[in-house]
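Each chain, letter by letter, is given below.
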Amino acid sequence: MLDRITMHHRPALEVIPELSAPFDLVFIDADKQNYPNYFDAVIDKVRPGGLILADNVLWSGKVLLPATEQDDATRALAEFSRKVKADTRVDQVMVPLRDGILVARKK
Ligand SMILES: C[S@@+](CC[C@H](N)C(=O)[O-])C[C@H]1O[C@@H](n2cnc3c(N)ncnc32)[C@H](O)[C@@H]1O
């Protein structure tokens, strides 16, 4: 099984452009500030019907704070959810499981 996993020990935004498409499933769970950038980096590589999952989109409820009280990570997560919601290339749903998982399916 391990022979089917390739670990990359570099910044994801450097690695993603080098990966061959299409992706069936993407799981975003790294540095929260880059969530919007990870979406942009993978969306064209995901096949129609493929899934993009993003963890921690509720961020312990902090995404509901007024924008003036949000730290950078929280602001980025809130922006990410708005961005995906507005993107007509995907259908999406936020699942309130644990810290919130956003599921986007490529049309
Ligand atoms: C929340 S943990 C991932 C947990 C894992 N997905 C799981 O479910 O067990 C976040 C990981 O993202 C890695 N990470 C943070 N910033 C990164 C970046 N810019 N590029 C690649 N990985 C990053 C961290 O080193 C850490 O291992």
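Residues numbered from 1 in each chain as written. Predicted model: local features only at pLDDT ≥ 70, side-chain atom pairs only at ≥ 80, totals over all residues. Heavy atoms only, no water.

Colleague: Give a detailed account of the site of the ligand, specifying residues and quantitative values.
Modeller: With respect to spatial proximity, the complete set of residues near the ligand consists of Arg-10, Pro-11, Ala-12, Phe-27, Asp-29, Ala-30, Asp-31 and Tyr-38. Ala-12 has a polar backbone atom sitting 2.9 Å from a nitrogen atom of the ligand. Separating a nitrogen atom of the ligand from a side-chain N or O atom of Asp-29 is a distance of 2.8 Å. Coverage of the ligand by the protein amounts to 37% of the 610 Å² it exposes when considered alone. In the shell around the ligand, the residues fall into 5 nonpolar, no polar and 3 charged. (Near = heavy atom within 4 Å. Polar contact = N/O pair within 3.5 Å; in protein donor to acceptor, adjacent residues only side chain to side chain. Areas by Shrake-Rupley, 256 points an atom, 1.4 Å probe, with all protein chains shown as cover. Nonpolar A, V, L, I, M, F, W, Y, C, P; charged D, E, K, R; others polar.)

Colleague: Tell me about the sheet that holds strand E4 (residues 101-106), residues and numbers included.
Modeller: What the 4 strands build is an open sheet, ordered E1-E2-E4-E3; its pairing is mixed. Taken across any chain shown, the strands that pair with only one partner, and hence form the sheet edges, are strand E1 (23-28) and strand E3 (90-95). Within this sheet the neighbouring strands show an average axis-to-axis angle of 15°, counted without direction. Pairing of strand E2 (residues 46-55) with E4, which is carried by 5 bridges, proceeds in the antiparallel orientation. Considered in E4, the bridge of Ile-52 is made with Ala-104. (Pairing = 2+ DSSP bridges. Helix = DSSP H or I, 4+ residues; strand = E, 2+ residues; numbered from the N terminus. Axes fitted to C-alpha atoms, helices over the stretch in contact; angles between N-to-C directions.)

Colleague: Break down the pattern of salt bridges for me, citing the residues and quoting the values.
Modeller: As enumerated under the stated definition, the model contains 10 salt bridges in all. A salt bridge links Glu-14 to Arg-10; the shortest N-O distance between them is 3.7 Å. Glu-14 gets classed as partly exposed once you look at its relative accessible area, which sits at 43%. A relative accessible area of 38% means that Arg-10 is categorised as partly exposed. (Salt bridge = Lys/Arg side-chain N within 4 Å of Asp/Glu carboxyl O. Buried < 20%, exposed > 50% of the residue type's maximum accessible area, 1.4 Å probe, protein only.)

Colleague: How would you summarise helix H3 (residues 72-86) if you had to cite specific residues and measurements?
Modeller: The end-to-end C-alpha distance of H3 is 21 Å, a good match for the 21 Å that 15 residues give at a rise of 1.5 Å each. Residues of H3 that are buried include every one of Ala-73, Thr-74, Ala-76, Leu-77, Ala-78, Phe-80, Ser-81 and Val-84, and no others. Looking at the buried positions of H3, the neighbouring elements they touch are helix H2 (35-42), E2, E3 and E4. (Expected span 1.5 Å × (residues − 1). Contact = heavy atoms within 4.5 Å.)

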